[in-house]
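The chain contents come next:
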Amino acid sequence: MQNHLIAAVRRSVAAALAGLALIVAAAALVPPAAHAQSNLPEFADLAERVGPAVVNIRTTERRAARGGATGEMDEDMLDFLRRFGLPVPNQPGPRGQRPQQPQPDAEPQQRGIGSGFILSADGYVMTNAHVIEGADEVFVTLTDKRELKARVIGSDRRSDVALVKVDASGLPTVRIGDVGKLRVGEWVIAIGSPFGLENTVTAGIVSAKARDTGEFLPLIQTDVAINPGNSGGPLINMRGEVVGINSQIYSRSGGYMGISFAIPIDEATRVAEQLKAAGRVSRGRIGVSIDQVSKEVAESIGLGKPSGALVRSVEAGGPAEKAGVEPGDIITRFDGKPVERSGDLPRIVGAVKPGSKVSLQVFRRGATKDLSVTVAEVEPDKTRRTAEAEGKPQATPTTTLGIGVSDLTEASKRELKIKNGVRVEVAEGAAARAGVREGDVILSIDNTEIGSAKQFETVAAKLDKSRAVTLLVRRGDTVNFLIVRPAR
């Protein structure tokens with residue numbers, strides 16, 4: 001009996017110890033989970049701190065009187081209006097009467113809704129240019145429900161940045177962050193008025209930086225939910241600093257689909273400063289059209305890595321032509337700054353004050369060359385006519401490249417503003433597959449400048465038939481590298 005009792009006690013103790021071990025093991029798992037939970041981002045404090053400086057922007061316009069129909073309306077839109085009992089423009093009313101057209105002095109009609117944020121306590125507000133474009137009146141609604149009429153200080157369509165001013169003081173303001181410290185994968189939030197829902201907070205991460213979707217701006221890509229009405233609102237880092245202006249979405253439906261873009265705040269601030277000082281933005285230009293440099297082209301011409309901006313054409317009489325830049329050059333540095341991608345060049349040049357004399361470096365026919373250019377101011381593009389060859393001299397027979405060429409007349413060279421080159425009369429086989437066409441002007445073969453049809457024939461005859469050949473070809477006002485590969 002005593003032995004049975006001792007055995008029972010032992011079993012009870014063993015069971016207790018086993019239970020205790022399970023409790024200890026479970027407890028050991030708690031700290032990491034709690035630690036992980038403590039690392040989750042906390043957005044409430046950010047929203048409370050930054051939210052008061054985010055505003056709703058409402059725009060209106062006065063429609064001039066119009067007579068007659070306003071144009072045909074899509075049948076789906078007509079069906080939508082009828083289904084929800086909305087008035088159809090220029091359609092008979094309930095009693096067969098046509099609706100009265102708005103008069104010039106009619107009440108302002110609401111045009112759109114967007115967002116913005118307060119830069120200074122005295123009422124300067126930043127937003128998107130497209131939010132206020134075409135508006136006759138702009139109204140800013142604060143979080144305390146005050147609605148103030150705003151005055152447009154300036155708007156820049158190229159960067160999509162606008163600055164407006166309300167008559168107020170002591171307003172809450174945002175803090176500007178350092179975009180250079182922004183990292184891919186970092187948490188960010190957006191505050192704005194999607195679909196007119198004021199002070200809506202959404203969150204996500206930075207998906208990419210320096211997306212080349214704008215002419216002058218490398219945009220920030222995020223997965224923060226952005227919808228119509230968010231435009232102009234701030235993108236905020238976890239320190240409560242504004243790092244961008246929410247501006248665009250990628251969408252096939254008109255709504256958020258997981259990709260949104262913001263204007264970097266450092267670029268936007270530079271634009272805003274010019275708008276505040278002069279009401280407009282002044283940008284530099286040198287008069288070239290450019291393209292990317294592919295890896296294949298870079299290797300074939302001896303550039304190495306695919307960097308820089310390929311000059312496809314040079315504006316006649318423009319700053320670049322005066323500086324000695326030629327079609328086919330690859331601009332690798334400008335004003336001491338490296339040009340890694342073609343999209344870098346417009347931004348670097350645009351930031352230079354017009355009238356400044358700066359250095360640029362080009363890669364030309366296997367070697368680098370330093371030039372000096374006086375930057376002009378951006379102006380509307382000029383219409384340029386395509387040069388046409390005068391006459392049609394006898395073409396040389398087709399070469400191993402499948403190309404037959406003819407000499408250019410001196411008049412044609414003057415018209416094209418080139419010193420050398422030959423006109424393509426026939427393009428067959430590998431050349432045709434590479435994109436060479438009749439009427440193209442070949443400027444060089446593998447970095448060798450071509451001055452005549454005879455020289456072209458001589459150079460082509462010496463080519464290694466087993467390897468690809470790089471041609472610098474002018475078509476119209478632009479040039480490009482075409483790679484002719486041997487038949488396999």
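Structural data are supplied above this passage.
Just so it is clear, the structure is predicted and the values come from calculations on it, not from any experiment.

Definitions and limits used
- Residues numbered from 1 in each chain as written.
- Predicted model: local features only at pLDDT ≥ 70, side-chain atom pairs only at ≥ 80, totals over all residues.
- Heavy atoms only, no water.
- Core = buried A, V, L, I, M, F, W, Y, C linked by side-chain atoms within 4.5 Å.
- Buried < 20%, exposed > 50% of the residue type's maximum accessible area, 1.4 Å probe, protein only.
- Helix = DSSP H or I, 4+ residues; strand = E, 2+ residues; numbered from the N terminus.
- Contact = heavy atoms within 4.5 Å.
- Salt bridge = Lys/Arg side-chain N within 4 Å of Asp/Glu carboxyl O.
- Phe/Tyr/Trp six-rings, centres within 6.5 Å; stacked < 30°, edge-to-face > 60°.
- Lys NZ or Arg CZ within 6 Å of the ring centre and 35° of its normal.
- Arc of directions from axis to C-beta.
- Pairing = 2+ DSSP bridges.

Describing the nonpolar core
Grouped burial of nonpolar side chains is what soluble globular proteins tend to show. Judged by nonpolar contacts, the single largest core of 37 residues is most densely connected at Met126, Ile245 and Ile265. Top element by residues in this core is helix α5 (residues 265-278). It accounts for five residues. Not counting residues within four places of it along the chain, the set of residues in contact with methionine 126 comprises Gly116, Phe117, Leu119, Val161, Ala162, Leu163, Gly232, Ile245, Ile265, Ala268, Thr269 and Ala272. Listed in part, the 22 residues of the second largest apolar core include Ile403, Ala430, Ala460 and Val484.

So, the pattern of salt bridges
For the structure on display, the rule yields 25 salt bridges. Residue aspartate 329 is joined to arginine 364 by a salt bridge in which the shortest nitrogen-to-oxygen separation is 2.7 Å. Placement of the pair is aspartate 329 in the loop between α7 (319-323) and β17 (330-334) and arginine 364 in strand β19 (residues 357-364), with a sequence separation of 35 residues. Take aspartate 329: its relative accessible area is 1%, and that puts it in the buried class. When its relative accessible area of 13% is taken as the criterion, arginine 364 is described as buried. Put simply, glutamate 410 and lysine 413 hold a salt bridge, and the shortest N to O gap is 3.8 Å.

Details of the packing of aromatic side chains
Applying the stated criterion across every chain yields a total of one aromatic pair. A cation sits over an aromatic face here: lysine 165 above tyrosine 124, 5.4 Å from the ring centre.

Some thoughts on helix α11 (residues 453-461)
Where α11 is concerned, the buried positions are Ala453, Phe456, Val459 and Ala460. One side of α11 holds all its buried residues, which, seen down the axis, span an arc of 125°. Exposed side of α11, more than 90 degrees from the buried face: Lys454 and Ala461 are the residues found there. Where α11 is buried, its residues meet β22 (403-407), β23 (422-427), β24 (441-445) and β25 (448-449).

Quick notes on the side chain of asparagine 230
Along the chain, the position of asparagine 230 falls in the loop between β10 (219-222) and β11 (234-237). If we skip the residues at most four places from it in the chain, asparagine 230 touches Ser115, Ile191, Gly192, Ser193, Pro194, Ala225 and Asn246.

Considerations on the pairing of strand β26 (residues 469-475)
Counted residue by residue, β26 has six buried out of seven residues, so it is predominantly covered. Both β24 and β26 contribute to a ladder of four bridges, which runs antiparallel. Bridged to isoleucine 442 within β26 is valine 473. Pairing analysis gives seven bridges linking β26 to strand β27 (residues 478-484), with the strands arranged antiparallel. By the bridge assignment for β27, threonine 470 is matched with isoleucine 483. Connecting β26 to the next strand, β27, in antiparallel fashion are two residues, including glycine 476 with a positive phi near 70°.

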